[in-house]
Amino acid sequence: MGKAPAIIGVCSVILVAMVVAVAVGVSRSKTGGGSDEPMTSTKAVQSICQPTDYKHACENSLAGANTTDPRALIQASFHAAIREIEKVLNNSGTIQDAVKDPMSRQALDDCKELMGYSIDDLKNSFDQLGAFDVSKLDEYVENLKIWMSGSITYQQTCLDGFVNVSTEAGEKMRKLLNTSQMLTSNSLAMVTEIPKLVSDLNITGFAIGGAKRRLMAKDGFPSWVSFRQRMLLQRNPSQIRPNVIVAKDGSGKYNSINQALKEVPKNNASPFVIHIKAGVYNEQVIVDKHMSNVVFIGDGPTRTTITGRLNFADGTSTFRTATVAVIGPKFMAKNIGFENSAGAIKHQAVAIKVQSDQSIFHNCQMDGYQDTLYSHSHRQYYRDCTVSGTIDFVFGNAASVYQNCKLIVRKPLDNQQCIVTAQGRSERREATGFVLQNCSFTGAPNYLPVKERSKTYLGRPWKQYSRTIIMQSQLDDIVTGDGWMPWMGNFALDTLWYAEFNNRGPGAVQTNRVKWKGIQKINAVQAQQFTAGVFLRGADWIQNSGIPYIAGMIPGL
């Protein structure tokens, strides 16, 4: 495995919760004669598995543990989930006989990459956290929930790759992933229960895993946001001294962004700034998982543009169509455009795909048609950005906040309706969702003449527990009275979580909105829970980044 310290680290945290479980009724039971009977390993396993949705799978995965030590049991639980995903990787070759076309082969290759990311979220991310005290417990649990949600998302994305491609191969992959999906879900359930269990025992001032240590630098700023990074993001490009300059006119070190990315140190710990001068860069750019703290700064969202035209219709899986794919954590972009120019006729064609945890985009433009912005996983913050498209043009399963952004509906094909969001939360405990705050929903000039024929909807449920909140936003008359559109039949209408709060404009009138069970009526207190300060814990990583940021509700709206 090679990552035992990571698992032990998280066990130290969850140990508190498990101690509580033991303390409140598992450790000893009264016999008829009034004597105490020592806890058995079976009872300990049953207690740990109690909050999970797949108790049988949980208990089976821990059946051989033969211990009542909560630390050892939790270690065994995470090892079991990782082993199952590794087993999927090792056995993926068994479905080769069902892979009979290039798109199916791409889907299989995508799965292999995605399983690696899923393992990373279960294992490597824990290495980033050290000792902490109970006062930081909520922050720690939120981190774990995001990473567990990411692991679940990657497994689901693997299966999505076989939709409309190969039913036989997809079904075989689904069977391979069945156990790993259950065990990862169980891990998320355990993590979600920690605060309640700790609260029940009223633990305070107890340092877990050793000395107390904040996950913040001593000056109150997030440790990864250096003074240099904060300053550079507040300056104009002409004032910045980047690590590398990319320029089409030959005035930089490189004329290609991919060439510049080769200079990023592996697992880079400090901001690596790439100034991308004005111009159109026709290349597929990948900021891979080893490229952390990368900063792209352009000369303007319409002056510096990265463009491409990979698309599903021409034989590329949706996951691979992205002109720019950002995977490495703590990515930042400012004053830059991302485009997929394939057009509406080519269907799924991603301009930018974002997996980067704690990523920030400021004054950026994302242009496409179907599936423009793939807000795939982890935590993301978008400020003063513009996203254009036709169908599901903001989609994925990240925890994303879009603040002061413009959503522009473009003219679709004659037989198409337009949908702004398609959020993909597949488990009710996932800490994911889309929040659009003080955004504007408008139509492009070429769309307005067809708005009655090609109606615009705020969103539709891509997955079972799809969650989207639109608040304090301007909704033009392009938004249909129904507001929201079904995915297919009654799918997810009872389990989705959609809310509108304090919006304005003719499209914000809710008189004729759909009456699904999942449509929520929220008040100001509930809406506050979806602000960037709460939903993303923005004080930890956005507030001092140099990017404009409002933590709560926007005054005056």
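Quantities reported herein were computed from a predicted structural model and do not represent experimental measurements.

Student: An account of the nonpolar core is needed here, citing residue identities and associated values.
Tutor: In terms of nonpolar packing, the biggest core is built from 70 residues, with Phe162, Met173, Tyr381 and Leu536 touching the most fellow members. Looking at which element gives the most residues to this core, the answer is helix α6 (residues 137–160), with 11 residues. Counting 58 residues, the second largest nonpolar core, distinct from the first, contains Ile352, Cys405, Leu458 and Val479.

Student: Describe the state of the cysteines, listing the residues and the values that go with them.
Tutor: Counted according to the given criterion, the structure contains two disulfides. Here Cys49 pairs with Cys58 through a disulfide, and the sulfurs are 2.0 Å apart. Looking down the S-S bond of the Cys49 and Cys58 bridge, the torsion is -80°, so its handedness is left-handed. A relative accessible area of 0% means that Cys49 is categorised as buried.

Student: Give a detailed account of the pairing of strand β27 (residues 467–471), specifying residues and quantitative values.
Tutor: A large share of β27 lies buried, amounting to five of its five residues. By the alternation rule, side chains of β27 split into Arg467, Ile469 and Met471 and Thr468 and Ile470, which are all buried. In this sheet, β27 lies alongside strand β24 (residues 433–437) in parallel orientation, the contact comprising four bridges. Note that in β27 the partner of Phe434 across the bridge is Thr468. As paired strands, β27 and strand β29 (residues 497–501) are joined by five bridges and run parallel to one another. Counted as the bridge partner of Thr468 is Tyr498 from β29.

Student: Pulling in residues and values, what's your account of the packing of aromatic side chains?
Tutor: Here the structure, examined in full by the defined rule, presents 13 aromatic pairs. On the basis of an interplanar angle of 50° and a centroid distance of 5.4 Å, the ring pair of Tyr117 and Tyr154 is categorised as tilted. Of this pair, Tyr117 sits in helix α5 (residues 102–122) while Tyr154 sits in helix α6; the two residues are 37 residues apart in sequence, bridging distant segments of the chain. In this structure Tyr117 comes out as buried when scored by relative accessible area, which is 10%.

Student: Report on the environment of Gly170, specifying residues and quantitative values.
Tutor: Locating Gly170 in the fold gives a position in helix α7 (residues 167–201). Accessibility expressed as a relative area gives 12% for Gly170, which makes it buried. The sequence separation of Gly170 and Ile95 amounts to 75 residues, and the corresponding C-alpha distance is 9.0 Å. When sequence neighbours within four positions are dropped, the list of residues in contact with Gly170 reads Leu159 and Phe162.

Student: Give a description of the sheet that holds strand β22 (residues 406–409) that names residues and reports values.
Tutor: Strand order in the open sheet formed by eight strands is β7-β10-β13-β16-β19-β22-β25-β28, with parallel pairing between adjacent strands. The outermost strands of the open sheet, each flanked by one partner alone, are β7 (279–282) and β28 (474–475). Two strands pair when backbone bridges link them, and β7 and strand β10 (residues 304–308) are joined in this way by four bridges, in the parallel orientation. Bridge pairing in β10 links Gly279 to Thr304.

Student: Got a sec to walk through the side chain of Gln437? Specific residues and values, please.
Tutor: Inspection of the secondary structure puts Gln437 in strand β24. Not counting the four nearest positions on each side in its chain, Gln437 is found in contact with Tyr402, Gln403, Asn404, Met471, Gln472, Ser473, Thr531, Gly552, Met553 and Ile554.

Student: An account of the side chain of Thr304 is needed here, citing residue identities and associated values.
Tutor: With respect to the helices, strands and loops of the structure, Thr304 is situated in strand β10. On the basis of relative accessibility, which here comes to 0%, the residue Thr304 falls in the buried class. A distance of 3.1 Å separates a polar side-chain atom of Thr304 from the backbone oxygen of Ile276. A distance of 2.9 Å separates the side chain of Thr304 from the backbone nitrogen of Asp299, its partner in a polar contact. Setting aside its immediate chain neighbours within four residues, Thr304 contacts Ile276, Lys277, Ala278, Gly279, Tyr281, Gly298, Asp299, Asn335, Ile336 and Gly337.

Student: Residues and numbers for the confidence of the model for the protein, please.
Tutor: When the pLDDT values of the protein are averaged, the result is 86; 82% of them are 70 or greater. Counting contacts from residues 125–132, a segment whose pLDDT is below 50, to residues more than four positions away or on other chains yields 31 contacts. Contacts of residues 203–225 to residues separated by more than four positions or lying in other chains number 57 contacts, the stretch itself having pLDDT below 50.

Thresholds, definitions, all that
Residues numbered from 1 in each chain as written. Predicted model: local features only at pLDDT ≥ 70, side-chain atom pairs only at ≥ 80, totals over all residues. Heavy atoms only, no water. Core = buried A, V, L, I, M, F, W, Y, C linked by side-chain atoms within 4.5 Å. Buried < 20%, exposed > 50% of the residue type's maximum accessible area, 1.4 Å probe, protein only. Helix = DSSP H or I, 4+ residues; strand = E, 2+ residues; numbered from the N terminus. Disulfide = S-S within 2.5 Å. Pairing = 2+ DSSP bridges. Phe/Tyr/Trp six-rings, centres within 6.5 Å; stacked < 30°, edge-to-face > 60°. Contact = heavy atoms within 4.5 Å. Polar contact = N/O pair within 3.5 Å; in protein donor to acceptor, adjacent residues only side chain to side chain. pLDDT = per-residue confidence, 0-100.

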